[in-house]
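# Topology and contacts: notes
What follows is each chain in one-letter form.
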Amino acid sequence: TAGVIAGAINNLYFAEETTSADGVTTTVPISANRLLSFAKIDMPEIFARSLENPFMAGLLGESGSSATPFLILKVSDYDTGLAGILAGERSLVRLFDTIFGTRIQASGIEFRDTVILGKDARVFDVISGTTIIYSFVNPNTIVIAGSRSALETLLPHLAK
């Protein structure tokens, strides 16, 4: 996270090498489902089935030379995407720990409702100050961020 300028977005690209039957090796971007599988994140099947590609993972530079992780996921249907992420909220902590190395120490994981920039959101605040917060930008796009301020910064950019 060092060196991310405040307000800047650094994309993280996840790819894997594949080898064709004729022995040619290529590097291809992985799908959101492959990322969850690779990271051993147990999200509900309803959520996994609704995931579409592409997805985006990154770091948003914030004040104080810090960088906040975020993930933008596409879902095929709002109702199944919402049902799936609600059922899998407890897995979001492990997702952030595994992908971004956040090391969130939490025993009872309870998300609560809030509103960010007029959008319904769900937030999990940890005593250490770390947050996981998510909201739908539109019926097919979910933003999951590591701070309220990051979500407030990302939402207007994605709503365009």
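Everything that follows concerns the structure shown earlier in this document.
For the structure given in this document, a descriptive report is provided here.

So, how was this worked out
- Residues numbered from 1 in each chain as written.
- Predicted model: local features only at pLDDT ≥ 70, side-chain atom pairs only at ≥ 80, totals over all residues.
- Heavy atoms only, no water.
- Core = buried A, V, L, I, M, F, W, Y, C linked by side-chain atoms within 4.5 Å.
- Buried < 20%, exposed > 50% of the residue type's maximum accessible area, 1.4 Å probe, protein only.
- Helix = DSSP H or I, 4+ residues; strand = E, 2+ residues; numbered from the N terminus.
- Contact = heavy atoms within 4.5 Å.
- Pairing = 2+ DSSP bridges.
- Axes fitted to C-alpha atoms, helices over the stretch in contact; angles between N-to-C directions.

## Notes on the nonpolar core
Among the nonpolar cores identified, the biggest contains 34 residues, and L92 and I144 are the most heavily contacted of them. Counting only elements with at least two residues in this core, the list comes to α1 (32-38), β4 (51-62), β5 (66-75), α4 (89-100), β8 (131-138) and β9 (141-145). In terms of residue count, the dominant contributor to this core is α4 (six residues). With sequence-adjacent residues up to four places away left out, L92 is seen in contact with M43, I85, F111, I132, Y134 and I144.

## Looking at the sheet that holds strand β7 (residues 119-125)
Strand order across the open sheet formed by seven strands is β1-β4-β5-β9-β8-β7-β6, with antiparallel pairing between neighbours. With one partner strand each, in any of the chains shown, β1 (9-12) and β6 (112-116) form the two edges of the open sheet. The sheet shows a mean angle of 25° between the axes of neighbouring strands, taken without regard to direction. Pairing geometry for β4 and β5, over nine bridges, is antiparallel. Bridge pairing in β5 places M56 opposite I72. Here helix α3 (residues 78-87) sits on the sheet and contacts β5, β7, β8 and β9; the angle it forms with β8, its principal contact strand, is near 175°. Contacts from α4 reach β1, β4, β5, β7, β8 and β9, with the element oriented near 105° to β8.

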